[in-house]
Amino acid sequence: MATETPLEGDVGRRRKQAVKEKLLLRDLALRHRLGILGVGLLALLPLLAQPRELNQFTYVLYLMMFAISWDVVSGYTGQLSFGHAFFFALGGYGTSVTVNQHLVPLLDGLGVTLGPVGTTVVILAGIVGGTLVAALGGVLIGVPALRLEGPYLSLVTLIAPLLLYQSFIIFGEELPVLAPNGLGGTSGLLNEPPSFVGIGTNAAVTVDQLWVDAVARYYISFLALLIVLAVTYGVTRSAAGSVFTAIREDEDAVQSVGLNPAKFKIFAFVLSAAVGGFAAAVWMHAGPNAYPNTENLFGPGRIDLSINVIVVAVIGGMGTIVGSLVGALFFAFADSVIGAFVPELKPLPTFLLGMVALTFLPRGVVPEATRFGRRLLAWRRGEVDSLVERDRTSAAKRTVDRYREEIEEIIGGEGR
Amino acid sequence: MSAEPETGARADRERSYGPDDGILVADDLRKEFGGLVAVDDLSFAVQEQEILGFIGPNGAGKSTTFNCVTGTYPPTDGTVYFKGEDVTGIPAHDMVKEGMSRTFQEFAPLEDRPVVKNVELALAPDELFTLSGMGGETEQLAREICRRVGLGEVMDQTPSELPHAGMLKLELGRAIATQPDVMLVDEPFAGLSADEVQELTEVMESLRQHGMTLIVVDHNMRGLLNLIDRAFVIQFGSKIAEGTPEEITDDPEVQEAYLGGEEI
């Protein structure tokens, strides 16, 4: 057809060029410079911390990844998930079972003795396996999400990890074919999967000093965080990210411009699940306290971890990805500092922090800081404040508004 | 289906169209909701680079017809051909990809982002992994489209700040951004001033000059006379007249249909 549009010419080539130029990091906005500085500081942290503190902080890196996982689907597409630990558990158990119940017995049966390289390869295969199992879980939740409206879907996500928890007990002794030695019931898998680096024999690389162990674990976890950041940042900053947020706003509008909302919705779930599963899988081989048990992967009360990641993402700012990093820092601060004085109140300070953030910083720390920074810069340039930043409603507010509408529809409130 | 012999009951219906009778062809299109027949064996063909007025009183079945054509819901019976292919009942988003887009009467802009980003969404490829949107490339295109439809001054505002005419232009911009070959425009002139009608007419005329085919749906021909080449009038889901705007306004059956209501 002869229709002329501005999209003509070699668009693909121009796009690649534009992305390359961005990757050269020449004209960075201030907030991006600060972000890179922040990640740089994270990388330097082991220089400052004692091994024990460092181990505590390594866990925060996993919290960041878990919150990013939640943000991809709930912060962007507005499909609130209340049970993201479902995916974490699938990833964590997935890699442990793959390595200890499938790969290691198989290689033993073949009479292969694993050196450091061999063990590393087995661990990596396990992580891939765990990630795939979690991604499959993403399909399992994503498909009903096509038919279920917000609150109903949230119920499904709330129940899914509880069912999984129960199935760990039912198949505690043996799950035919998939997990020949069983899933360990409430106490989890006692047979720990091998670590990348560790003290003792169950590791690819054996070290003898505590601080080397801690630093190595930190950097492997940090590498995983960088991978997660790169993947999720890439997807959400591309056109796919704006399709995600458009789904949160209005699926019909998405459909009317030739985009298949079902495809993007399932993708959001699968990506989120894969990221969460990957993080949990790496944790089992590189994290501190890396035991594949229900307390680690679901949280002490079966749903604690699912709620924690929501608090983290909301504090930092929903629908931003980087907000999860900042949110996790605040969360860890509240958890360790305030929790240290009155340990009996343990979950309270963190949940309180979430409440405070929702009330006074509903956009989250990162978007608020960005807004404040822009105003400050504009003020320094002598511009009129109101011209600079139009108040755009935040992801959290849009999601909550949608949710309220849907609940009002269900219960027949004034919304009709 | 066109091979079906003419029965007495159907003797008076329109001749059947084949896939190659136009860029967009509806053949014996029928839509029933329960027992209610909203579209009654309607057949029409739209030629390439034509601007067709699709006219009918309120409730005549215009919207239903085009909801069937664009895949919002499947027709009960009949066939839709687009560019010579049978596209009956394919999903709406696939129809857009085939090259047919539409504007909506009831606007549903994305309120969380500025006008230009609304248009930019329509430029997003239906792909999960894409470089699109990362280099500011699509934003430039979206800005160009905004300027072309007359939103140049307001494209950084949010849709809620736009006046009525601005919303119509935004709908038009979004539809254009999907690179359609055929564009269906639903009641573009409702509630517009004469100047605004003139401005939109010029935009649509220029789109046609660039090779686009347009179907303008409206309940009367006021404002359409300078724009359309041909009008197609329906009532109760069936065609009652077809011809140039002048022929239509003089048609007794059309005048009958509008008696007691609005003028054609």
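All residue numbers refer to positions counted from 1 along the written sequence of the respective chain. Each chain gets a letter, beginning with A, and each ligand a number, beginning with 1, in the order they are written. Under the rules for a predicted model, residues below a pLDDT of 70 receive no local features and side-chain atom pairs below 80 are neither given nor counted, while totals for whole chains, interfaces and linings still include all residues. Computation of side-chain values: all heavy atoms of the structure, hydrogens and water removed.

Asker: Please clarify how the overall build of chain A should be interpreted in this entry.
Answerer: Where helices and strands are cited, they refer to DSSP runs of H or I of at least four residues and of E of at least two residues respectively, numbered from the N terminus. Helix and strand content of chain A: 17 helices and two strands. Each radius of gyration reported is based on C-alpha atoms, and the globular scaling rule is 2.2 Å times the count of residues to the power 0.38. On C-alpha atoms alone, chain A measures out to a radius of gyration of 23 Å, which is about the 22 Å that the 2.2 N^0.38 rule sets for 416 residues. The dimensions of chain A, computed from C-alpha atoms along their principal axes, are 70 × 60 × 50 Å. Buried positions account for 49% of the 416 residues belonging to chain A. When contacts within chain A are restricted to residue pairs at least 6 apart in sequence, long-range pairs at least 24 apart make up 70% of them. Method for areas: the Shrake-Rupley scheme with a 1.4 Å probe, in which residue coverage is limited to the protein chains shown. In the form shown here, chain A has an accessible surface area of approximately 20100 Å², with 65% of it arising from carbon and sulfur atoms. Positive charge is attributed to Lys and Arg, negative charge to Asp and Glu, and no charge count is given to His or to the chain ends. Every charge is mapped to an atom, namely NZ of Lys, CZ of Arg, CG of Asp or CD of Glu. Distance between charge centroids for chain A: 9 Å, based on 31 positive and 33 negative side chains. Type-normalised accessible area, obtained with a 1.4 Å probe on protein chains alone, sets the label of each residue: buried when under 20%, exposed when over 50%, and partly exposed for intermediate values. The contact criterion used is simple: two residues touch if any of their non-hydrogen atoms lie within 4.5 Å.

Asker: Would you explain the interface of chain A and chain B in this entry?
Answerer: Often the size quoted for an interface is simply the accessible area lost on bringing the parts together. Contacts between the two partners involve 39 residues from chain A, matched on the other side by 46 residues from chain B. Between chain A and chain B lies a buried interface of about 4000 Å² when both sides are counted; carbon and sulfur atoms form 64% of it. One side-chain nitrogen of Lys or Arg within 4 Å of one carboxyl oxygen of Asp or Glu is enough to make a salt bridge. Across the contact surface, chain A and chain B share two salt bridges. Notably, a salt bridge pairs B:Asp112 with A:Arg248, separated by 3.3 Å at the nearest N-O pair. Two N or O atoms form a polar contact when they lie within 3.5 Å of each other; inside protein one atom must be a possible hydrogen donor and the other a possible acceptor, and for residues adjacent in sequence the pair counts only when both atoms belong to side chains. Along the contact surface separating chain A from chain B lie five residue pairs in polar contact (both at pLDDT 80 or more). Listing elements by their share of the side of chain A that touches chain B, those giving two or more residues are helix 1 (11-23), helix 7 (210-237), helix 8 (239-249), helix 9 (251-256) and helix 10 (261-286) of chain A. Summed over both partners, the accessible surface that disappears when two parts come together, traced with a 1.4 Å probe, is what is meant by buried area.

Asker: How should the packing of aromatic side chains be read in this particular structure?
Answerer: By convention here, two paired aromatic rings are described through the distance between centres and the angle between planes. What counts as a ring pair is set by centres within 6.5 Å for rings of Phe, Tyr and Trp (its six-membered ring), and what kind of pair is set by the plane angle: stacked under 30 degrees, edge-to-face over 60, tilted for all other angles. Under the counting rule described, the total for this entry stands at 19 aromatic pairs over all chains. Consider the rings of A:Phe267 and B:Phe129, whose centres lie 5.1 Å apart with planes at 80 degrees: the pair is edge-to-face. Of the two residues, A:Phe267 sits in helix 10 while B:Phe129 sits in the loop between helix 3 (115-123) and helix 4 (137-148), which places them in two different chains. An aromatic cluster is defined as three or more aromatic residues linked by ring pairs; in this entry it consists of A:Tyr59, A:Tyr62, A:Phe66, A:Phe88 and A:Trp283.

Asker: Whenever I open this one, the pattern of salt bridges confuses me. Can you help?
Answerer: Close approach of charged atoms lets side chains of opposite charge pair. For the structure shown, the criterion picks out 31 salt bridges over all chains. Among the ionic pairs, B:Arg230 bridges to B:Glu50, the shortest N-O distance being 2.5 Å. Placement of B:Arg230 in strand 9 (residues 230-235) and of B:Glu50 in the loop between strand 2 (36-46) and strand 3 (51-55) is noted, with a sequence separation of 180 residues between them. For B:Glu50, a relative accessible area of 7% corresponds to the buried category. Here B:Glu205 and B:Arg208 are joined by a salt bridge, their closest N and O atoms 3.1 Å apart. Highlighted residues: B:Glu205 and B:Arg208, both in helix 6 (residues 194-209), separated by three residues, approximately one helical turn. Given the relative accessible area of 13%, B:Arg208 is considered buried. Residues joined in a network through salt bridges with shared partners are A:Arg248, A:Glu249, A:Arg398, B:Asp112 and B:Arg113.

Asker: I'm lost on the sheet that holds strand 2 of chain B in this one. Help?
Answerer: The strands making up a sheet associate through hydrogen bonds between their backbones, and the pairing can be parallel or antiparallel. All names here are of chain B. Here, any two strands with at least 2 DSSP bridges between them count as paired. Taken together, the four strands give an open sheet; going across it, the order is 2-1-4-5, and neighbouring strands pair in antiparallel fashion. A single partner strand is all that each edge strand has here, and the edge strands are strand 2 and strand 5 (85-86). When strand 4 (residues 77-82) meets strand 5, the two strands line up antiparallel, connected through two bridges. Within strand 5, the position partnered with Tyr 81 by the bridge is Asp 86.

Asker: What's the story with the domain arrangement of chain B in this structure? I'm lost.
Answerer: Residue and element names in this part refer to chain B. Start and end positions for the domains come from either an automated domain assignment or a database one. Here chain B is partitioned into domain 1 (1-99 + 181-264) and domain 2 (109-179). On a C-alpha basis, the centroid separation for the pair domain 1 and domain 2 is 27 Å. Taken residue by residue, the interface counts 15 residues in domain 1 and 13 residues in domain 2. A combined buried area of about 1100 Å² lies between domain 1 and domain 2, and 70% of that area is made up of carbon and sulfur atoms. If you sort the residues of domain 1 by the area they bury against domain 2, Met 183, Leu 200 and Val 203 come out on top, with a joint share of 33%. Where domain 1 touches domain 2, the interface holds two salt bridges. Where Lys 97 meets Asp 126, a salt bridge forms, and the shortest distance between an N and an O atom there is 2.6 Å.

Asker: For this particular structure, what's the right way to read the nonpolar core?
Answerer: Side-chain atoms within 4.5 Å are what join buried Ala, Val, Leu, Ile, Met, Phe, Trp, Tyr and Cys residues into a set we call a nonpolar core. By size, the foremost hydrophobic cluster in this structure holds 147 residues, and its most contacted members are A:Phe66, A:Leu225 and B:Met183. Residue-level mapping places this core at the junction of two domains, with at least three residues from each of domain 1 (1-99 + 181-264) and domain 2 (109-179) of chain B. Not counting chain neighbours up to four residues away, the residues in contact with A:Leu225 comprise A:Leu42, A:Leu61, A:Met64, A:Met65, A:Ile68 and A:Leu325.

Asker: Looking at this structure, I do not really get the environment of B:Glu246. What am I missing?
Answerer: Residues and elements named next belong to chain B. Examined against the element boundaries, Glu 246 turns out to sit in helix 7 (residues 245-250). Given a relative accessible area of 51%, Glu 246 falls into the exposed group. In sequence terms Glu 246 and Leu 225 are 21 residues apart; their C-alpha atoms lie 8.3 Å from each other.

Asker: Looking at this model, I keep getting lost on the pairing of strand 1 (residues 24-33) of chain B. Mind explaining?
Answerer: If a strand is regular, its side chains alternate between the two faces of the sheet. Residue and element names in this part refer to chain B. With eight of ten residues buried, strand 1 is to be regarded as a mostly interior element. Here strand 1 runs beside strand 2; their pairing, made up of seven bridges, is antiparallel. Each residue of the ladder has a partner; that of Phe 33, found in strand 2, is Leu 36. In textbook terms, the turn of a hairpin is the stretch between consecutive antiparallel strands, and for strand 1 and strand 2 this stretch comprises two residues, one of which, Gly 34, has a positive phi near 60 degrees. Where strand 1 lies against strand 4, five bridges are found, and the strand directions are antiparallel. Residue Arg 30 lies in a different strand from strand 4, and its bridge partner there is Asp 77.

Asker: Teacher, can you tell me more about unusual backbone geometry here?
Answerer: Note on backbone geometry: most residues besides glycine have negative phi, and most peptide bonds are trans. Unusually for a residue other than glycine, A:Asn289 sits at a positive phi of about 55 degrees. Considering the arrangement of structural elements, one finds A:Asn289 in the loop between helix 10 and helix 11 (294-298). The backbone of B:Lys83 shows a phi angle near 50 degrees, a positive value even though the residue is not glycine. Looking at where B:Lys83 falls in the secondary structure, it is placed in the loop between strand 4 and strand 5. With a relative accessible area of 32%, B:Lys83 lands in the partly exposed category.

Asker: Help me understand the confidence of the model for chain B, please; the structure alone is not making it clear to me.
Answerer: Residues shown with low pLDDT carry predicted positions that ought not to be read at fine detail. Across chain B, the average pLDDT comes to 83, with 92% of residues at 70 or higher. Along the chain, pLDDT gives the predictor's confidence residue by residue, from 0 to 100. Confidence drops under pLDDT 50 across residues 1-14 of chain B; counting only partners more than four residues distant or on other chains, this segment forms twelve contacts.

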